[in-house]
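Geometric and topological summary
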Amino acid sequence: MVKKTSSPSLSSTKVSRREALQLTVGAVALTGLPSETAAATGPSTSATPRVTVALTVNGTTHTLDIDPRQSILDVLREKLDLSGTKKGCNQGACGACTVLVDGRRIVSCLTLAAMHDGAQIQTVEGLESNGALHPLQQAFIDHEGLQCGFCTPGQIMSGLGCISEGHATSPEEIKFWMSGNICRCGAYPGIVAAVADAAGRG
Ligand code: FES
Ligand code: FES
């Protein structure tokens, strides 16, 4: 049961608590977000157009019917059940959602899936091979580059990008080129050591 309010949009129909929160948070957030991200926060309606995209994720191609406002992050987590990629800020500020798209690291929360038809996407779920961890995953364990682990998938995917870009030749360089990936646990020394180690192993 929803309390009636003076707002015409909420008083005229029953709105679930989740929908009401989305409307409220969306209205507050819209003022400070880029236009394409702001659009993506709105609720879907039956009138929302759909688009079909083909995304190859960790080597498997998926043809998907999506809301054109959906981010790659939401498509990964909600349509493909790949929850390894984390949603932290959902505003491009923390790096928790980092994945590789066509070999380049991007923050997937700010990247519209509809604009990447045909893309090759790599997520943390695709790194292990025949039960063996990727060398960078193993390096994170060896150097204790994590505590709670929430930021870790994004750190690892960003670390892969950092190495392939040739930006991992020194701890200072790694710190600079990984600076978009925030770790609230402060595991930075281990993260830097892990990326440097994996770069050396490559
Ligand atoms: Fe994408 Fe924070 S969730 S940058
Ligand atoms: Fe906890 Fe990085 S390990 S946020």
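My aim in this report is to walk through the structure given alongside it, one point at a time. (Residues numbered from 1 in each chain as written. Chains lettered and ligands numbered in written order. Predicted model: local features only at pLDDT ≥ 70, side-chain atom pairs only at ≥ 80, totals over all residues. Heavy atoms only, no water.)

**Section: the overall build of the protein**
In terms of helices and strands, the protein carries eight helices and five strands. Taken from the N to the C terminus, the helices and strands of the protein come in the order α-α-α-β-β-α-β-β-β-α-α-α-α. Here the protein holds 202 residues, and the buried ones make up 37% of them. Relative to all contacts within the protein whose residues are 6 or more apart in sequence, the contacts with residues 24 or more apart total 51%. (Helix = DSSP H or I, 4+ residues; strand = E, 2+ residues; numbered from the N terminus. Buried < 20%, exposed > 50% of the residue type's maximum accessible area, 1.4 Å probe, protein only. Contact = heavy atoms within 4.5 Å.)

**Re the pairing of strand S4 (residues 104-107)**
Two strands pair when backbone bridges link them, and strand S3 (residues 98-101) and S4 are joined in this way by four bridges, in the antiparallel orientation. The residue of S4 that forms the bridge with Thr98 is Val107. Hairpin geometry of S3 and S4 is characterised by an intervening segment of two residues between the two adjacent antiparallel strands and by a positive phi of about 50° at Asp102. (Pairing = 2+ DSSP bridges.)

**A few points about the nonpolar core**
Ranked by size, the top nonpolar core spans 21 residues in total, and within it Leu136, Phe140 and Val195 carry the most contacts. For this core, the secondary-structure elements that each account for two or more residues are helix H5 (135-142), helix H6 (152-164) and helix H8 (188-201). Leave out the neighbours within four places in its chain, and Val195 touches Leu136, Phe140, Gly159, Ile163, Ala168, Ile174 and Met178. If you look at the next biggest cluster of nonpolar residues, it comprises 16 residues, including Ile66, Leu76, Leu80 and Val99. (Core = buried A, V, L, I, M, F, W, Y, C linked by side-chain atoms within 4.5 Å.)

**Points about H5**
If you check which residues of H5 are buried, you get Leu136, Gln137, Ala139 and Phe140. Buried residues in H5, looked at end-on, bunch into an arc of 160°, giving them a common side. One or two residues past the end of H5 sits Glu144, with phi positive at roughly 50°. (Arc of directions from axis to C-beta.)

**Focus on the sheet that holds S4**
Judged by pairing direction, the sheet is mixed, and its five strands sit side by side in the order S2-S1-S5-S3-S4 without closing on themselves. The open sheet is flanked by strand S2 (60-66) and S4, the only strands paired with a single partner. Pairs of neighbouring strands in the sheet enclose a mean axial angle of 40°, with direction left out of account. Each of strand S1 (51-57), S2, S3 and strand S5 (120-122) touches helix H4 (residues 72-79); the most contacted strand, S2, lies at about 100° to it. (Axes fitted to C-alpha atoms, helices over the stretch in contact; angles between N-to-C directions.)

**Things to note about the pairing of S2**
Pairing of S1 with S2, which is carried by seven bridges, proceeds in the antiparallel orientation. Each bridged residue has a counterpart across the sheet, and for Val51 the counterpart in S2 is Ile66. Between the antiparallel neighbours S1 and S2 lie two residues, among them Asn58 with a positive phi of about 50°.

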